[in-house]
Each structure stands twice: as C-alpha cells, then as structure tokens.
Amino acid sequence: MLYASTADGARPPAPDTSQQQPVTELIPINSLVASDSPRTAGESAAHAEMLAEVQTPLPPIVVHRPTMRIVDGMHRVQAAVLRGEDYVRVQFVDGTADDAFVLAVRLNAEHGMPLSRRDRVAAAERIIGSHGQWSDRRIAEVTGLSPVTISALRKRTTADTDQVKVRTGRDGRSRPVNSEVGRRRAVQVIAARPDASLREIAQEAGIAPATARDVRQRIREGKDPVPAKLRNAAQAGGEAGGRRGREKVVAETAGRGARVESVVVAGPDQFASLRKDPSLRFSESGRALLQLLAANGIDDARWRWMMSGVPAHRYADIARAARICGEHWLNFAEQLERGSGMRARRAV
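As the structure is a prediction and not an experimental result, all values here were calculated from the model.

What counts, and where the lines are drawn
Residues numbered from 1 in each chain as written. Predicted model: local features only at pLDDT ≥ 70, side-chain atom pairs only at ≥ 80, totals over all residues. Heavy atoms only, no water. Axes fitted to C-alpha atoms, helices over the stretch in contact; angles between N-to-C directions. Helix = DSSP H or I, 4+ residues; strand = E, 2+ residues; numbered from the N terminus. Parallel < 35°, antiparallel > 145°, perpendicular 65-115°, else oblique. Contact = heavy atoms within 4.5 Å. Nonpolar A, V, L, I, M, F, W, Y, C, P; charged D, E, K, R; others polar. Polar contact = N/O pair within 3.5 Å; in protein donor to acceptor, adjacent residues only side chain to side chain. Core = buried A, V, L, I, M, F, W, Y, C linked by side-chain atoms within 4.5 Å. Buried < 20%, exposed > 50% of the residue type's maximum accessible area, 1.4 Å probe, protein only.

A. Examining the packing of helix α3 (residues 97-110) against helix α5 (residues 136-143) more closely. At a closest axis distance of 7 Å, the pairing of α3 and α5 adopts a crossing angle of 55°. Considered as vectors, α3 and α5 are oriented oblique to each other. Each of Val102, Val105, Arg106 and Ala109 in α3 lies in contact with α5, whose residues at this interface are Glu141, Val142 and Thr143. Per-class residue counts for the contact of α3 with α5 are four nonpolar, one polar and two charged.

This is the structure we're talking about:
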C-alpha cells in the first residue's frame with residue numbers, strides 16, 4: 001500500500017483530504033532516478049518538447065521516496081531540463097517498488113499521454129505477477145483492460161499451482177476464487193453458531209452476506225448448500241482454463257509484434273450484405289447489432305471530424321472510454337470466432 005510521505009519519511013496519520021492539498025517539495029532534478037516506466041517504448045521526445053513550451057506551471061511529479069525513482073512525471077522532468085531548470089516540484093509516496101509501479105500505471109492511465117495497448121498488456125502481466133491476489137476487475141481498473149482480458153492473461157502467465165485461492169477486490173475485501181470453499185466454511189460457522197447473524201457468517205467465511213443468506217436458506221430446505229454448478233466449478237474451471245490457454249489474446253500478440261489472426265476490416269459493402277440478411281434483420285438483438293456495427297463502421301475522415309470536437313483536456317478520458325469499447329468488441333469477436341471454430345469442428 002502506497003501512502004504520501006512526510007518530509008522526514010515517517011508515516012503520518014490519515015489526513016483529511018477534503019481540507020488539505022498534497023504536500024509538495026522542491027527537489028534537485030539530479031537527485032532523481034529514472035522511472036521504472038510502464039511505457040515499453042520509453043518516453044516521447046515530442047511530448048516533452050510540447051510540455052516545455054507550456055507557459056503555466058506543470059503539476060508536481062510523483063516520486064517513490066525509498067528509491068527516489070520517478071513514479072509519474074518523466075515527461076515533465078524532461079520538459080524542465082529543456083527549459084534549463086535545475087529543480088522540480090515533487091510529491092513523495094512510500095511503499096514497495098511493486099506498489100509504486102502499480103501507481104505509475106494508474107496515474108499514466110488517468111492523465112497525460114495515454115499508455116498504448118502494448119504498454120497496458122505488459123503492465124497487466126507484471127501486476128499479475130506481483131499482485132496475484134488482486135481480482136481481475138481490480139487489475140483491469142488499474143490497467144484500462146477488460147476483466148476478461150486480465151483473466152486470459154492470468155491463465156497464460158500463471159501456473160495452476162501458483163494461483164491464489166483468495167483474491168482481493170476493488171473494495172479491498174478478500175473473497176475465495178471458488179465460492180464453493182466459502183460456502184462450505186459458512187456451513188461450519190452455522191453449525192457451530194446457529195444464532196450467528198448473516199454479517200458474522202459472511203465475515204468468518206469470507207463470502208458476501210447474500211451468499212450467507214442463500215447457504216442458510218438451503219440448509220433449512222434440506223438442500224446442498226453448494227449449487228450443482230458450483231460443485232462442478234473446479235472441474236469446469238480446469239477445462240475452461242485449458243481452452244482459454246489455447247485461445248489467442250489479441251492484446252498480447254499485438255503488443256509483442258506477433259501476427260494477429262482473424263482480423264476483418266468491415267467495409268460498406270460488407271455492412272450492406274449484413275443488413276440484407278433476414279436472420280439478422282428479423283430479430284431484435286440482430287437489429288441492435290447491425291445498428292452498432294453501422295455506428296462503428298465510419299470512415300477515417302469522420303473519425304478525424306469527431307476527434308476535432310474533443311477538447312484537449314478530455315483527450316485522456318475519451319481515449320479510456322474508446323479503449324473500453326474496443327475491449328468489448330474484441331471480446332465479442334473472440335467469442336464469435338470460438339463459436340465458428342466449434343461449429344466447423346462439428347461439421348468435420
């Protein structure tokens with residue numbers, strides 16, 4: 001866990017952030033260590049030059065005090081050097097080097113020059129290695145990838161024996177990866193303490209109160225506290241993991257320069273053909289899909305026109321939103337390709 005540092009390095013009491021601004025210090029540039037940057041291709045000289053021409057003061061950079069390594073702000077430091085400045089304003093954080101890298105990814109995703117897809121995939125792989133106990137959604141939130149992509153990357157980069165049984169979500173709570181374990185533990189708690197509240201059962205078993213309620217209700221009805229689909233989760237999960245391990249993760253292959261398979265560019269003629277297909281036109285879901293495809297199938301000139309309407313201070317926000325939409329389309333395409341492949345195998 002990273003936290004802001006005081007000047008003497010001691011951890012301060014939790015501040016009232018609603019009333020206080022982050023403490024900054026003026027530090028010599030030559031005392032800083034180059035960033036452990038999530039940018040695999042390094043910093044952009046053009047972006048640093050652009051920042052050097054900005055007349056208003058730039059935001060303070062973020063530095064990991066134990067190592068004096070720049071967490072966020074390499075372009076701002078380079079801009080200060082181009083201006084001939086010897087000092088830069090710094091906000092210090094403490095914590096581990098791994099936590100500092102996570103913060104660097106988060107901050108670079110929130111503002112400034114957006115991280116490329118290759119950068120975000122590489123960062124996700126590293127965070128999976130250093131924070132394997134985090135949930136897919138929590139890592140996705142940091143990296144700007146989808147939880148489905150994080151899950152696929154985890155399967156490809158983590159051996160089954162190395163995977164943790166409990167993961168920490170975005171709310172900081174730890175939950176079992178397979179809820180069957182938590183349900184079995186809840187049964188033990190209920191047997192030992194029949195009068196325990198749902199909150200107490202949930203807390204001791206590591207499950208949600210709603211799950212604890214379901215377990216108790218199943219026991220009262222004489223049912224197995226673990227539904228059949230969860231009892232088979234371990235076996236099904238292993239089989240599904242094997243399938244996902246064989247699937248192509250487009251984000252990963254593109255980031256590593258590998259050939260991306262089954263990429264189809266949909267042009268106007270192709271959309272016209274799809275719109276004439278009765279099997280698509282005569283269902284509500286099919287019509288909705290055709291509308292989405294038409295909305296996304298615009299030409300380069302119209303994309304440039306839409307970009308001209310985005311104010312500069314919203315570039316990073318719109319870029320993140322576009323990436324999220326792209327993630328959903330990629331996941332949708334992968335599911336269709338898997339379905340097509342299974343149908344082809346059945347036909348043979």
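B. Structural detail: the side chain of Asn108. With respect to the helices and strands, the residue Asn108 is situated in helix α3. Among the polar contacts listed, one links the side chain of Asn108 to the backbone oxygen of Ala104, at a separation of 2.7 Å.

C. Quick peek at the nonpolar core. Counting 16 residues, the largest nonpolar core has Val105, Ile127 and Ile150 as its most contacted members. Among the secondary structure elements, those contributing two or more residues to this core are α3, α4 (117-130), α5 and α6 (147-157). The element best represented in this core is α4, accounting for five residues. Filtering out sequence-adjacent residues up to four positions away, Ile150 remains in contact with Ala124, Ile128, Asp136, Ile139, Ala140, Thr143 and Leu145. By size, the runner-up hydrophobic cluster in this structure holds twelve residues, among which are Ile61, Met74, Ala80 and Val90.

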